[in-house]
Amino acid sequence: MADEDKKPDRETAAAGNGAPTGDGEGTVQVLEGRIADLTDRLLRAHAEMDNLRKRTEREKDETAKYAITKFARDLLAVGDNLQRATAAVPAGAADADPALKALVEGVSMTEREFLNVLERNGVKRMESSGQPFNPHQHQAMVEVDQPDLAPGTIVQVYQEGYNLGDRVLRPAMVVIAKGGEKRPTEGKGAPEPKESDDAA
């Protein structure tokens, strides 16, 4: 008698916990729903872990590639000084003095080796002279009239620019051309000259 009284309570408790209640079809549907939910969670977790792994590898590669940024930027001043040293020698002076010629050649060789070392580590000097001005790579210092050049053409480089991989390590300081102004041709809507106040 006591066992019969306990039986309904067990069934009620089992139904409240979401456990199978004896209905075979309902139980299968509940279990299939749980399997689908767990499978979805597992797939999402795998996708998140895969994305995290790829992002970590990308960040690791970028860190290794650009770790020398600050050091390389500080080192560029050495290259600037080597370039200034050779530029400071007047034209023809080195040919007249063998000692000065040897010194200039030594500094030039040092500068070339310096650039080779930078290039082996991913730092490359920009080719700016004669190129169109690019605000992402160049810093315009002066604009000069050059009627024979297209507007925005770089005519002189004050300070060389460098790239580290695909990033700008230091923009080049440049002089750019204003370019030739378009003058209206005669007889085609050319503006008439203004009369001066003296003529009145």
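Just so it is clear, the structure is predicted and the values come from calculations on it, not from any experiment.

Criteria and thresholds
Residues numbered from 1 in each chain as written. Predicted model: local features only at pLDDT ≥ 70, side-chain atom pairs only at ≥ 80, totals over all residues. Heavy atoms only, no water. Helix = DSSP H or I, 4+ residues; strand = E, 2+ residues; numbered from the N terminus. Buried < 20%, exposed > 50% of the residue type's maximum accessible area, 1.4 Å probe, protein only. Contact = heavy atoms within 4.5 Å. Areas by Shrake-Rupley, 256 points an atom, 1.4 Å probe, with all protein chains shown as cover. Pairing = 2+ DSSP bridges. Axes fitted to C-alpha atoms, helices over the stretch in contact; angles between N-to-C directions. Phe/Tyr/Trp six-rings, centres within 6.5 Å; stacked < 30°, edge-to-face > 60°. Lys NZ or Arg CZ within 6 Å of the ring centre and 35° of its normal. Salt bridge = Lys/Arg side-chain N within 4 Å of Asp/Glu carboxyl O. Patch = residues over 30% accessible without salt bridge, like charges linked within 9 Å, V, L, I, M, F, W, Y side chains within 5 Å.

**Brief notes about the overall build of the protein chain**
The helix and strand tally for the protein chain stands at five helices and six strands. Mapped from its N terminus to its C terminus, the protein chain presents α and β elements in the order α-α-α-α-α-β-β-β-β-β-β. Across the 200 residues of the protein chain, 17% fall into the buried class. For the protein chain, contacts bridging at least 24 residues in sequence account for 61% of all contacts bridging at least 6. Accessible area of the protein chain: about 15,500 Å², with a carbon and sulfur share of 53%.

**Re the sheet that holds strand E5 (residues 167-170)**
Strand order in the open sheet formed by three strands is E1-E4-E5, with antiparallel pairing between adjacent strands. Both edges of this open sheet fall to strand E1 (123-125) and E5, since each of them pairs with a single strand only. The sheet shows a mean angle of 35° between the axes of neighbouring strands, taken without regard to direction. Taken together, the three bridges between strand E4 (residues 162-164) and E5 define a ladder with antiparallel strand orientation. Bridge pairing links Asn163 to Val168 in E5. Taken strand by strand, helix H3 (residues 69-87) contacts E1, E4 and E5, and its axis lies near 50° from that of E5. Helix H5 (residues 98-120) contacts E1 and E4 of the sheet and is inclined by roughly 130° relative to E1.

**Thoughts on the packing of aromatic side chains**
Per the stated rule, a full pass over the model turns up zero aromatic pairs. Above the plane of the ring of Tyr66 lies Arg167, whose end atom (NZ or CZ) is 3.8 Å from the centre.

**Let's talk about the pattern of salt bridges**
One pass over the structure, following the stated rule, counts 10 salt bridges. Here Arg41 ties to Asp37 by a salt bridge, and the two come within 3.4 Å at their closest N and O atoms. Remark: Asp37 and Arg41 occur in helix H2 (residues 24-66); sequence separation between them is four residues, near one turn of the helix. The class for Arg41 is exposed, based on a relative accessible area of 55%. Here the salt bridges do not stand alone but share partners, grouping Asp50, Arg53, Lys54 and Glu57 into one network.

**Let's talk about a nonpolar patch on the surface**
Taken together, the side chains of Met141, Val142 and Tyr158 define a hydrophobic patch exposed on the protein surface, amounting to about 270 Å² of accessible area. Along the polypeptide, Met141 turns up in strand E2 (residues 138-144).

**A closer look at the side chain of His138**
Checked against the element boundaries, His138 lands in strand E2. Accessibility expressed as a relative area gives 7% for His138, which makes it buried.

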